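These are the residues of each chain, in order.
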Amino acid sequence: MMELPRAAGVVIVGGGVMGASLAYHLALRGRRDVLVLERGQVFGQGATGKCAGGVRHQFGSEINVRLSIESIRMLERFPTELGQPIQLNYCGYLFLLTRPEDVAAFQRNVALQHGLGVETEWLQPSEIQRRLPLLRLEDVLGGTYYGRDGLTDPNSVVAGYVGGARRHGATLLTDVEVTGLKLRGARVISVCTSQGDIDVETVVNAAGPYAGDVGRMLGLQLPIWPLRRQMLVTTPLPEVPADFPFVIDFAPGLYFHREGAGLLTGQSNPNEQPGFDESVDLEWERQHLALAVQRFPLLEQAGLAHHWAGLYEMTPDAQPLIGPLAPLSNAYIVAGFSGHGFMHGPIAGKLLAELMLDGRTSTLDISALSPQRFAGAEETTSREYNVI
Ligand SMILES: Cc1cc2nc3c(=O)[nH]c(=O)nc-3n(C[C@H](O)[C@H](O)[C@H](O)COP(=O)(O)OP(=O)(O)OC[C@H]3O[C@@H](n4cnc5c(N)ncnc54)[C@H](O)[C@@H]3O)c2cc1C
């Protein structure tokens, strides 16, 4: 096992997609002494490892559409750039809309997406039924589809960034828990870990659903909280075609996509309370399946292959915090992606690396994602509507 260094230039707390992407982009740009500390035995087994792997352009805020455009381009280049296949599969995302207010909101979203070059299609129920005869759609008023949305493999993306960061000189360690952060005035001077203390120039909070805990170590109350989400995969269903899209029944937060030979399905529980519980709520799973079978009757013929729960990292406007953590002079954050962070991991790491190395971002303006936006003085970004 590699020994813990006693000093580092940048310590990144958390080795999920955010920590790994940031480490890679900092090291690629020549930043020396980058150290990632992950308390798990393996990188990327937090929210990243629990996620559904969905990547989409279909959002309701300009910043999220732009983040997706950049990030999905980076995923396309990933195998060439990082030497790691990631199984990017453009199966498309199809949103089913059953409420007039969602139809109106999605029509606005489609106009926004078109304005940014994302050619989302508006589909009538008859067209959806023609494309997806396995679904029951009596209550559906319309839908949206974009064929360059899809799925990719989270573990491969993390592995690619971990390997790439190491090749460029970064150190990434598992089994090291950050237990405290020592401050002198407005500066973090050392990181306390389960293996000893490290003198540090700069610290980054990339702790996903635990970003609030790391914030408290810095003496800050961050507006990020954990929220349980769960899903299951069925036994094989050969009737589901290979090109079946990622289908989202928007109003109840119900979704399906192919996973291996079976089907992955999940539903967001609107009554879930913030907390770190990652056990599967069997009562919610029963309710979810009862609804899922109504939409997708074939599910009645399937068995349960496996199920799991993970944690979203929620913020008040369902948008992430990326940037410096004022009033501290040497602390940053990249967290709070509110259920759609895996797909934005590549660009988020690149943008924070730009901010840390150049003092500003050049790829995209992310002032709307400033960690200070909830403090009152600065403008707040609008809430992302298209959250599952
Ligand atoms: C069920 C589910 C489905 C999802 N589906 C999608 C999807 O389809 N598409 C999508 O884009 N997003 C999805 N998401 C969201 C996505 O998974 C997250 O937004 C993203 O993975 C967050 O990455 P992260 O690196 O910030 O967090 P994480 O992956 O949780 O990484 C943070 C890491 O920090 C470590 N850590 C925490 N505290 C400490 C400490 N004190 N010391 C050392 N290490 C520490 C943790 O062990 C963890 O590995 C889903 C999430 C869930 C839960």
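Everything numeric in this text was worked out from a predicted model, so none of it was measured.

Caption draft 1: Molecular detail of the site of the ligand. The full set close to the ligand counts 37 residues, and Glu38, Ala47, Thr48, Gly54 and Met343 are the nearest of them. At a separation of 3.3 Å, a nitrogen atom of the ligand approaches a polar backbone atom of glycine 339. The fraction of the free accessible surface of the ligand (1000 Å²) that becomes covered by protein chains is 96%. Secondary-structure elements contributing two or more residues to the shell around the ligand are helix H1 (17–28), helix H2 (47–50), strand E12 (225–234) and strand E16 (304–314). Residues of the shell around the ligand, tallied by class, amount to 19 nonpolar, 12 polar and 6 charged.

Caption draft 2: Quick peek at H1. Between its terminal C-alpha atoms H1 stretches 16 Å, which fits the 16 Å expected from 12 residues at 1.5 Å a residue. Restricting attention to buried positions, one finds in H1 the residues Val17, Met18, Gly19, Ala20, Ser21, Leu22, Ala23, Tyr24, His25, Leu26 and Ala27. Just past H1, the residue glycine 30 takes up positive phi, approximately 95°.

Caption draft 3: The arrangement of the packing of aromatic side chains in detail. Taken as a whole and judged by the stated rule, the model has 11 aromatic pairs. Ring centres 5.4 Å apart and planes at 35° place the aromatic pair tyrosine 24 and tyrosine 161 in the tilted group. Taken together, the residues tyrosine 24 in helix H1 and tyrosine 161 in helix H6 (residues 154–167) connect sequence positions 137 residues apart. Ring plane angle 45° and centroid distance 5.9 Å describe the contact between phenylalanine 246 and tyrosine 255, whose orientation is recorded as tilted. An identical accessibility class is assigned to phenylalanine 246 and tyrosine 255; each is buried. Each member of the aromatic cluster is reached from another via a ring pair, and the members are Tyr93, Phe95, Phe106, Phe246, Phe250 and Tyr255. When the ring centre of tyrosine 210 is taken as origin, the NZ or CZ atom of arginine 39, which lies over that ring, is 4.4 Å away. Taking NZ or CZ as reference, arginine 131 lies 5.3 Å from the ring centre of tyrosine 145, over its face.

Caption draft 4: Representation of the pairing of strand E6 (residues 142–146) in the model. With 5 of 5 residues buried, E6 is to be regarded as a mostly interior element. Residues Gly142, Thr144 and Tyr146 point to one face of E6 and Gly143 and Tyr145 to the other, with burial holding for every one of them. Here strand E5 (residues 121–123) runs beside E6; their pairing, made up of 3 bridges, is antiparallel. If you follow leucine 123 over to E6, its bridge partner there is glycine 143.

Caption draft 5: Highlighting the environment of isoleucine 72. Structurally, isoleucine 72 can be placed in helix H3 (residues 62–82). Taking C-alpha positions, isoleucine 72 is 17 Å from tyrosine 145, a pair spaced 73 residues apart along the chain.

Caption draft 6: Structural view of the packing of H3 against helix H9 (residues 345–358). For the pair H3 and H9, interaxial distance at closest approach is 7 Å and the crossing angle is 105°. Relative to H9, the element H3 is oriented roughly perpendicular. Between H3 and H9, the contacting residues are Leu67, Glu70, Ser71, Met74 and Leu75 on the first element and Gly345, Pro346, Ile347, Lys350 and Leu351 on the second. Grouping the constituent residues of the contact of H3 with H9 by class yields 6 nonpolar, 2 polar and 2 charged.

The rules we used
- Residues numbered from 1 in each chain as written.
- Predicted model: local features only at pLDDT ≥ 70, side-chain atom pairs only at ≥ 80, totals over all residues.
- Heavy atoms only, no water.
- Near = heavy atom within 4 Å.
- Polar contact = N/O pair within 3.5 Å; in protein donor to acceptor, adjacent residues only side chain to side chain.
- Areas by Shrake-Rupley, 256 points an atom, 1.4 Å probe, with all protein chains shown as cover.
- Helix = DSSP H or I, 4+ residues; strand = E, 2+ residues; numbered from the N terminus.
- Nonpolar A, V, L, I, M, F, W, Y, C, P; charged D, E, K, R; others polar.
- Expected span 1.5 Å × (residues − 1).
- Buried < 20%, exposed > 50% of the residue type's maximum accessible area, 1.4 Å probe, protein only.
- Phe/Tyr/Trp six-rings, centres within 6.5 Å; stacked < 30°, edge-to-face > 60°.
- Lys NZ or Arg CZ within 6 Å of the ring centre and 35° of its normal.
- Pairing = 2+ DSSP bridges.
- Axes fitted to C-alpha atoms, helices over the stretch in contact; angles between N-to-C directions.
- Parallel < 35°, antiparallel > 145°, perpendicular 65-115°, else oblique.
- Contact = heavy atoms within 4.5 Å.

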